[in-house]
Amino acid sequence: MSVETGTDSTTDPTAVNDETATAASASNVGSAPSSVTMTKALNQALRDSLAADDTVLIFGEDVGRLGGVFRVTEGLRAEFGSNRVWDSPLAESGIIGTAIGMAMNGMRPVVEMQFDAYAYPAFEQIVSHVAKMRNRTKGKVSLPITIRIPYAGDIGGVEHHSDSSEAYWTSTPGLTVVTPSNPADAYSLLRESIASDDPVVFMEPKSRYWMKETLSLPVTTAAMDRAQVLREGTDVTLLAYGPTVRTALDSAEAGAEHGLSVEVIDLRTLSPFDDETVSASVRKTSRAAVIHEAAQFGGYGAEVAARLTERNFTHLSAPILRIAGFDVPYPSPKMEEYYLPTVERVLDALESWDWEL
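Since we're looking at a predicted model, the values are computed, not measured.

## Overview of the sheet that holds strand β5 (residues 146-151)
Sheets are built from strands that pair by backbone hydrogen bonding, the pairs being arranged parallel or antiparallel. Taken in spatial order, the seven strands line up as β3-β2-β4-β5-β7-β6-β12 in an open sheet, and their pairing is mixed. Both outer strands of the open sheet, β3 (85-87) and β12 (269-271), are each paired with one neighbouring strand and no more. Here the strands of the sheet are splayed against their neighbours by 20° on average, with no regard to which way each runs. For strand β2 (residues 56-60) and strand β4 (residues 108-112), the ladder comprises five bridges, and the chain directions are parallel. Paired with G60 across the strands is E112, a residue of β4.

As C-alpha cells, this is what we get:
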C-alpha cells in the first residue's frame, strides 16, 4: 500500500525548543487551491483552531514530537509549544479524565485516542462523565472536549487497530458523533467540533487519510448537523459515512451502467441524525440501503433502518437493506478484503429486491 501523508517532509517535529516555541498564526488563509489530503486538512484545522483560541489544547499519545501515528498533529508542538501540544502517558482513561478537568475550568481540550479500540479503556470516563456532565449539573457545566478517534479498517492493520466503534458512541446521549469522508469536510467539521460547547466524538476514517481533494483552506462546508446529497438519483438511496462514502459513490457509478439511478447521501454527523434530508430522499426513491464497515448485528445501520421505516413506512417499496461487515471480530490483513463492503456486495444486495413491486 502506497502511503502519502501530505505533510511537509522538511519539518522536524523532534527539533523543538520548548522555551522559545510560540503560537503561530493560522496559515494558508486565502491560499490558492491545491491538492490537499485529509491528513493535511485535519492538521490545518487543528493549527487554525490553536491560533484562533488560546483555550484550545491538544494532547494524547505521541501527538507532540512524533506528530501522531498518522502525522495529523505534525509540526503543531514546534509552532505552539509544549504548553499547548504535548504527549500524554499511555493511559486513555487518564487522557479523558484530564480533559474533563481542563474543560470544567474553561479550556477546550482536543485529545487523540490514536486507534479506535484504544479508546475502550476510556469508555467509562466518556460515557459516565463526558456525556452526562451538562445534564448532571442542569446546564451549569459544559465539557467542550473533542475526542479524535482514527477508526475503521482497510489499511492492513491487525486487531485493535481497525474497529468501527461508532454504535457505542451514538447510543450514548450527550455525545455528538461526527465522521468526515473527504478533506473539505474534515477541515470544516473539525473546526466546528472544536468550537462546540458540547463534547464531540470525531471519528476519522484511517483509510481516507491519504485521499486528495483540490481545496483552498480554510473552507466551510455544510453545517455539522446536516447530511449531504452527493449524487442525485431516483431509484434507490444509498446511505454511507466515513470510509464507505467512496464505496457508495462507486456503487452508484456501477449501477448507472445497468440503468439504475442511485442517490448517495453522506450522513457526516451520525448523532444527532438528520431525519429531514434522509427522509426526503427515501420518500423520493422509495428504497434505501445503508453501508458501513462495522458488524451488521446491532450496528449503526440497524438504527438507521428502524428510524427510516418508522418515519417513512408508507413510502417504501421494499425493506431497507444493510451492507456491512460480518458478525466476527475484525480479521487479519490477509482476510480484510473479504470482510469489507464492496461495490459487488452493494450491487448484489440491491438486486435482491423485487423490483416489480
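Let's pick the thread back up.
## Overview of helix α9 (residues 275-285)
Turning to α9, its buried residues are D275, T277, V278, S279, S281, V282 and T285. Looking at the buried side of α9, the elements it contacts are β9 (228-231), β10 (236-240), β11 (262-266), β13 (288-295) and α10 (300-312). Downstream of α9 by one or two residues, S286 has phi in the positive range, about 70°.

## Here we look at the nonpolar core
I96, M113, I147, W169, L267 and V278 are the most contacted members of the largest nonpolar core, which has 43 residues in total. No other element matches helix α3 (residues 92-104), which puts five residues into this core. Setting aside residues no more than four positions away along its own chain, L267 makes contact with R226, A227, L239, A240, Y241, F273, V278 and Y300. Counting 32 residues, the second largest nonpolar core, distinct from the first, contains M38, V110, Y187 and F202.

## Section: the sheet that holds β11
Pairing is mixed across the open sheet formed by five strands, whose spatial order is β9-β11-β10-β13-β14. Two strands bound the open sheet, and with one partner strand each, they are β9 and β14 (321-325). The average undirected angle you get between the axes of adjacent strands in this sheet is 25°. In terms of strand pairing, β9 meets β11 through three bridges, oriented antiparallel. Residue pairing for β11: Q228 is matched across the bridge by D266. Contacts from helix α12 (residues 343-351) reach β10, β13 and β14 within the one sheet, and its direction differs from that of β14 by about 155°.

## Describing the pairing of β10
Buried residues dominate β10, accounting for five of its five residues. Of the two faces of β10, the one carrying V236, L238 and A240 and the one carrying T237 and L239 are both buried. In terms of strand pairing, β10 meets β11 through five bridges, oriented parallel. Pairing of L238 across the sheet is with V264, part of β11.

## Some thoughts on the environment of P329
Mapped onto the elements of the fold, P329 is located in the loop between β14 and α11 (336-339). Residues P329 and T176, 153 residues apart in the sequence, show an inter-C-alpha distance of 26 Å.

Criteria and cut-off values
- Residues numbered from 1 in each chain as written.
- Predicted model: local features only at pLDDT ≥ 70, side-chain atom pairs only at ≥ 80, totals over all residues.
- Heavy atoms only, no water.
- Pairing = 2+ DSSP bridges.
- Helix = DSSP H or I, 4+ residues; strand = E, 2+ residues; numbered from the N terminus.
- Axes fitted to C-alpha atoms, helices over the stretch in contact; angles between N-to-C directions.
- Buried < 20%, exposed > 50% of the residue type's maximum accessible area, 1.4 Å probe, protein only.
- Contact = heavy atoms within 4.5 Å.
- Core = buried A, V, L, I, M, F, W, Y, C linked by side-chain atoms within 4.5 Å.

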